[in-house]
Amino acid sequence: MYFLIDCDNFFVSCEKVFQPRLKNRPVVVLSNNDGCVVSRSYEAKALGIPMCAPWFKIEQMFKAAGGVALSSNYELYADMSKRVMQLIENYFGKIEIYSIDEAFAQTGDNQDLLHAALTIRNQILTQTGISVSVGVAPSKTLCKVASEQAKKLSFAKVCLLTEQPAISQALQTLDVGDVWGIGRKLVKKLNFMGIFTAAELATAPQAQIRQSFGITTAKTQQELNGISCLKTEDNLAQKSIICSRTFETEIKDFAKLVQVISEFVDNACLRLREQNSLAGGIIVFIATNRFHEQTYNNSKLISLSEASCHTAKFIKAMIEGLKSIYNPHFSYKRAGVMLTDISDVNTPQADFLISKQSQNKDTSLMQTIDDLNRKLGRKTLYFGTQAQGTKHYIKREFKSRSYTTSWNELPIVN
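Since we're looking at a predicted model, the values are computed, not measured.

A. Expanded view of the overall build of the protein chain. The helix and strand tally for the protein chain stands at 14 helices and 12 strands. Here the protein chain has a C-alpha radius of gyration of 24 Å; the compact-globule value for 414 residues is 22 Å, and the two agree. With respect to the principal axes defined by its C-alpha atoms, the protein chain has extents near 65 × 60 × 50 Å. Taken over 414 residues, the protein chain has a buried fraction of 46%. The contacts in the protein chain between residues at least 6 apart in sequence include a share of 68% that link residues at least 24 apart. Counting every atom, the protein chain has about 21700 Å² of accessible surface; 52% of that belongs to carbon and sulfur.

This is the structure we're talking about:
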């Protein structure tokens, strides 16, 4: 049996844990540069605030209703996510982290499913302050349906779709376009065949569905009928790591671009080391404002002589690539890097000309730097091309404090 544990209004919930003033108030969290709404409290949803609404369009109305807007605090959200996922993993063992705020788990069919769902929900709420919805079903696709049903419940936030007629009732009220794995283009084709609800997809002729839409949609149909076709996957390491930003103001100076993009390289390499990997190359890219009359964008791949996780080596490669694509006649609105050719740090050495001792030395050095920064604070140690202190280069006018990731911004209890 599958469990899907999904945090309710995750970004907003993280903010409410540390700011009691937000309780029972309409709250939204905004995207980069305070552009669009990416998370809403239930009170904000009740006001009719849609997801991805541009902030400048709703600002006046929202503030008049007593609403509070906050800039994205990704450091806080990532840290709270790790705490939630650790609790889920401690309870269930192996889990599949599906996104920053939801994870799949699996148990035996003979377990007390309701008790398990209520227990993990109460543990997360008690130990992190984050409310979660729990869906339980014999397949992952039905689990997604159960999770959505659970979100609509005002108290328990737990939904079990393990038997008929509960499964049929849930599918009859679910639009086929809201089924996990059914895309927009596929919805039109299904509607043309007279399939408008999840229940109609579940009961459609299997041979016809497979012939018309392929094996993937056929598996989705099986999943809706409670037949598990999608197994819990291991949390595999990323095959590429991207770090990029759209800047609050345009940047023309080359030295400033180097300083900004060095921050991206540092963040990307930290993520690389956190998944115990090495990378063999880096792509650096820059772009002007796409709304300008004249635009320019370009990218460059620089391969390293040997796979590494050493930030300095990637910064050096990034600067080499940036020099080849930088055009001094333009000002740049967006830039970023992508680490490529990623492999596990324990992968057997493929090239006998590469020194394993050198790789181990780089890994050990960067691990020491990471440990010091983790213990003493972000960027206690940093590279010369980076700016002192934590810089984001994006507009975050309403950002809250870094309650769990900075010694200087820890919450104070009076």
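B. Up close: the packing of aromatic side chains. Applying the stated criterion to the full structure yields 17 aromatic pairs. Judged by centre distance (4.3 Å) and plane angle (10 degrees), the rings of Phe 11 and Tyr 77 are stacked. On the criterion of sequence distance, the pair formed by Phe 11 in helix α1 (residues 10-18) and Tyr 77 in helix α4 (residues 74-92) is long-range, its members being 66 residues apart. When sorted by exposure, Phe 11 lands in the same class as Tyr 77, which is buried. Members of the aromatic cluster, joined through ring pairs, are Phe 254, Tyr 296, Tyr 326, Phe 330 and Tyr 332. Residue placement shows Lys 140 over the ring face of Phe 104; its charged tip is 4.8 Å from the ring centre.

C. Here's a closer look at the layout of surface pockets. Here the second largest pocket defines a volume of roughly 720 Å³. The wall of the second largest pocket is formed by 26 residues, among which Asp 6, Lys 45, Lys 144, Glu 148 and Lys 151 lie closest to the centre. Elements with a contribution of two residues or more to the lining of the second largest pocket: β1 (2-7), α1, β3 (37-40), α2 (42-46) and α6 (140-151). The element that contributes the greatest number of residues to the lining of the second largest pocket is α6, accounting for 5 residues. By residue class, the composition of the lining of the second largest pocket is 11 nonpolar, 4 polar and 11 charged.

D. Main features of the nonpolar core. With 36 residues, the main nonpolar core has Ile 261, Met 318, Val 337 and Leu 339 as its most contacted residues. Elements represented by at least two residues in this core include exactly β9 (241-251), α12 (254-274), β10 (277-287), β11 (297-308), α13 (311-325) and β12 (332-344). Ranked by residue count, the leading element in this core is α12, at 9 residues. With residues near it in sequence (within four places) discarded, Met 318 still touches Val 258, Ile 261, Ser 262, Val 265, Ile 282, Val 284 and Val 337. Of all hydrophobic cores here, the second largest spans 35 residues; its members include Met 1, Phe 11, Leu 70 and Ile 95.

E. Focus on the packing of α6 against helix α11 (residues 215-224). Where α6 contacts α11, the axes come no closer than 7 Å and their chain directions differ by 60 degrees. Considering their axes alone, α6 and α11 lie oblique with respect to each other. Counted together, Lys 140, Thr 141 and Leu 142 of α6 and Thr 220, Glu 223 and Leu 224 of α11 form the full contact between these two elements. Counted by class, the contact of α6 with α11 contains 2 nonpolar, 2 polar and 2 charged residues.

F. Focus on α13. Between the first and last C-alpha of α13 there are 21 Å, a value that for 15 residues agrees with the 21 Å anticipated at 1.5 Å per step. Buried residues of α13: Thr 311, Phe 314, Ile 315, Ala 317, Met 318, Ile 319, Gly 321, Leu 322 and Ile 325, and no others.

G. Expanded view of the sheet that holds strand β2 (residues 27-30). With respect to topology, 3 strands assemble into an open sheet ordered β3-β2-β4, the strand pairing being mixed. Every interior strand has two partners, whereas the edge strands, β3 and β4 (68-71), have only one. In this sheet, adjacent strand axes meet at a mean angle of 30 degrees when their direction is disregarded. The sheet contact formed by β2 and β3 spans 3 bridges and is antiparallel. Opposite Val 28, over in β3, you have Arg 40 as the bridge partner. Lying over the sheet, α1 contacts β2, β3 and β4, oriented at roughly 115 degrees with respect to β2.

H. Main features of the pattern of salt bridges. Under the counting rule described, the total for this entry stands at 11 salt bridges. Lys 151 is the salt-bridge partner of Glu 148, the closest N and O atoms lying 3.2 Å from each other. One end of the pair, Glu 148, and the other, Lys 151, are both in helix α6, 3 residues apart, so they sit about a helical turn from each other. When its relative accessible area of 26% is taken as the criterion, Lys 151 is described as partly exposed. Each of Asp 6, Glu 148 and Lys 151 takes part in salt bridges that share partners, so that together they form one network.

I. How the structure looks around a nonpolar patch on the surface. A contiguous nonpolar surface patch, about 250 Å² in accessible area, is contributed by Leu 372, Leu 376 and Leu 381. Note that Leu 376 resides in helix α14 (residues 356-376). Exposure remark for Leu 376: the relative accessible area of 51% places this residue in the exposed category.

Calculation notes
- Every chain begins its residue count from 1, and numbering advances along the sequence as written.
- Given that this is a predicted model, residues contribute local features only at a pLDDT of at least 70 and side-chain atom pairs are listed and counted only at 80 or more, while totals for whole chains, interfaces and linings are drawn from all residues.
- As a convention, hydrogens and water are excluded, and side-chain values are obtained from all of the structure's heavy atoms.
- By definition, any uninterrupted DSSP run of H or I lasting at least four residues is a helix, any uninterrupted run of E lasting at least two residues is a strand, and each is numbered from the N terminus.
- What the globule rule says is 2.2 Å times the number of residues to the power 0.38, and the radius of gyration is computed from C-alpha atoms.
- Each residue is assigned to one of three classes by its accessible area relative to the maximum for its type, calculated with a 1.4 Å probe on protein chains only: buried under 20%, partly exposed between the two thresholds, exposed over 50%.
- A contact between two residues is defined here by any heavy atoms of the two lying within 4.5 Å.
- To be clear on the numbers: accessible area is Shrake-Rupley with a 1.4 Å probe, and residue cover counts the displayed protein chains and nothing else.
- Only Phe, Tyr and Trp rings take part, Trp by its six-membered ring, and two of them pair if their centres are within 6.5 Å. Stacked means planes under 30 degrees apart, edge-to-face means over 60, and tilted covers everything else.
- Criterion for a charge above a ring: Arg CZ or Lys NZ at most 6 Å from the ring centre, at most 35 degrees from the ring normal.
- The method works on a 1 Å grid over the protein atoms by themselves. A cavity is a set of points holding a 1.4 Å probe that cannot get out, a pocket is an open set with protein on both sides within 12 Å along at least five of seven lines, and residues with an atom within 4 Å of a point line them.
- Grid points are joined across faces, edges and corners, and a volume is the space filled by probe spheres set on the points.
- Residue polarity is assigned by list, with Asp, Glu, Lys and Arg as charged and Ala, Val, Leu, Ile, Met, Phe, Trp, Tyr, Cys and Pro as nonpolar; anything else, Gly included, falls into the polar class.
- Only buried residues count toward a nonpolar core, which is a set of Ala, Val, Leu, Ile, Met, Phe, Trp, Tyr and Cys residues joined through side-chain atoms within 4.5 Å.
- Fitted lines through C-alpha atoms give the axes, limited to the stretch in contact for helices. The angle between two N-to-C directions lies from 0 to 180 degrees.
- Should an angle lie under 35 degrees it is considered roughly parallel, over 145 roughly antiparallel, and from 65 to 115 roughly perpendicular; all remaining angles are considered oblique.
- To estimate the expected span of a helix, subtract one from its residue number and multiply by 1.5 Å.
- Paired strands are those between which DSSP finds at least two bridges.
- A side-chain nitrogen of Lys or Arg and a carboxyl oxygen of Asp or Glu constitute a salt bridge if their distance falls within 4 Å.
- Each patch is assembled from residues with relative accessible area greater than 30% and no salt bridge, linking like charges that lie within 9 Å and nonpolar side chains (Val, Leu, Ile, Met, Phe, Trp, Tyr) that lie within 5 Å.

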